[in-house]
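Structural features, examined
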Amino acid sequence: MVRTKDVIVIGSGIGGLVAGAMLAYYDKKVVICESHSIPGGAAHSFSRQGFHFDSGPSFYCGLADPNSLNPLQKVFNILGESIETCVYDPLGHYHFPEGSLPVYAGGTSYLEAVAKFTTQGAKELKLFQDNLLQLYAGLKGIPPIVLRADFWLIPILLGKYGLSLLKMLPSLGEVGGSVGQIMDKWVKDPWVRRLIDLECFLLSGLKANGTVAPEVAFMFGERSNSVIEYPIGGSSAIVNALVRGLERWGGQLRLNAHVEQILIESGQVVGVRLRGDEVIKAPIVISNATIWDTYTQLLRPEDLPTSLHKEALGTPAVESFMHLHLGIRSDGLEGLTGHHVVVLNGDIDISVPGNTCMISIPSVWDPTLAPSGHHVIHAYTLESFSGWQKDESYSQRKREKAESLFLALERIIPDIRQRITLELIGTPLTHARFLRRYQGTYGPAIVAGKGSFPGPQTPIPGLYRVGDSTMPGIGVPAVAASGVICANTLASLNYLKLLRQL
């Protein structure tokens, strides 16, 4: 049986859900095909023995703040959805071998905390932040919800947001530049330079010299002007709100619907073929898969130019991750905070796998995520996909590679090993299997000034892409923006209705 739709979205990550829900709002007949039994992609949640775990993102800002630049908040508003959140501050702690730094949302409090490590460095950091906040001020005047990826964006920006563009003129040279260039101009203190590298690494997977300036400007601006919050119910609350929005406007989500192939006839998209040989026809297909999986798995070699195939394979990728999901007893842990980043060895680069460990304890904000008297923990660190295989040494290697995560957790909870009631270790193979991502990667490692992200459009008519390999930045705002931009580009007259409402 052949079904027909206006739009098929492959994958229900945040980018795919946003694109699908927005296009449903724009009166398109949309179906999202998700290979997994759970929606959400890298942002999905799962449960074991009463513990509810986030699989990916754990830090959120501006989800329920109407003044935030976070495009996801605007999407919720348009779709008629909302989520409950818990606001907190400080947003986390960075633990270096020489001490721990609380990271406050307010710029003044943050600088005061940095000054306890280096007075001169705090002064330099202020100049650095002020420079990026000037760029954020210009960006703030142009709502991400209006962006699109075609020439129609130019008259819209000039006609409706001309004053905001003028505000950005002093920072125009930095829009496409790296954070490292701004850091080199204002910051000499080695401690603060490492701190900036760490902030960039957490945001993009690259240090300051590889991270584009608007990403960090957005981060500092939102921390200073919006609110830091956690969605009650975890990342699944975000996913569920988007699914409700999709279905509210007539869209459809199909789980356990694995797309085997994007169908191309006479050089353009005509639909997809699912596992089991079911065919869905549509003139538009949006892939939320990575650039590598889209061009090398979902398309046949003859469907695209050889040069494009090579270009996709040659795109540098951020490493995969080791994951540690724990359920622990919480007795005696009053006052525990939820976000921690631990740098284990100050003499080793922060980007070396296993040296920088990220820790999230979301039951601090939402006790319903764990059984009474317990906490839920997600800890993760970079790990190369290379060399991993399911053989007789796999279990032992998992334990060995997870050791850095246990050492990092002991900086926060010294007796963590004695508190464990549930332990799950994930490797790059786990990451690749459950997320169906090329080598389990978290996205492209495209260095600022040495390449650009391709955006939603592809050389194949009717084929579009969303997700982390279309937009710079690792995180929910970036992938949500990719879905907004793609939907707006395809919406034509209904997009003008949205502009009038705004």
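Please read all numbers here as calculations on a predicted model, not as lab measurements.

Right, let's talk about the UniProt feature "transmembrane region" (unreviewed entry) in the protein for a bit. Following the UniProt record, one finds the feature "transmembrane region" (unreviewed entry) at residues 7-26. Helix makes up 60% of residues 7-26 and strand 20%. Its end C-alpha atoms lie 11 Å apart.

Here the focus is the pairing of strand 9 (residues 99-103). Most of strand 9 is tucked away: four of the five residues are buried. In this sheet, strand 9 lies alongside strand 8 (residues 92-96) in antiparallel orientation, the contact comprising five bridges. Looking at strand 9, one finds that His93 is bridged to Pro102. Hairpin connection, strand 8 to strand 9: the antiparallel pair is bridged by two residues.

This part is about the sheet that holds strand 10 (residues 228-231). Strand order in the open sheet formed by three strands is 6-10-7, and the pairing between neighbours is antiparallel. This sheet does not close on itself; its edge strands, each paired only once, are strand 6 (60-61) and strand 7 (85-87). Here three bridges tie strand 7 to strand 10, and the two strands are oriented antiparallel to one another. Among the inter-strand pairings, Val87 is bridged to a residue of strand 10, identified as Glu229. On top of the sheet, helix 11 (residues 235-248) reaches strand 6 and strand 10; it is set at about 75° to strand 10, its chief contact.

For the bond running from Asp89 to Pro90, omega is 5°, close enough to zero to count as cis. Mapped onto the elements, Pro90 comes out in the loop between strand 7 and strand 8. Positive phi, normally seen in glycine, also occurs at Asp277, with a value near 70°. You can see Asp277 is positioned in the loop between strand 13 (268-274) and strand 14 (279-281).

Criteria and thresholds
Residues numbered from 1 in each chain as written. Predicted model: local features only at pLDDT ≥ 70, side-chain atom pairs only at ≥ 80, totals over all residues. Heavy atoms only, no water. UniProt positions renumbered as here; feature names shortened; annotations may be inferred. Helix = DSSP H or I, 4+ residues; strand = E, 2+ residues; numbered from the N terminus. Buried < 20%, exposed > 50% of the residue type's maximum accessible area, 1.4 Å probe, protein only. Pairing = 2+ DSSP bridges. Contact = heavy atoms within 4.5 Å. Axes fitted to C-alpha atoms, helices over the stretch in contact; angles between N-to-C directions.

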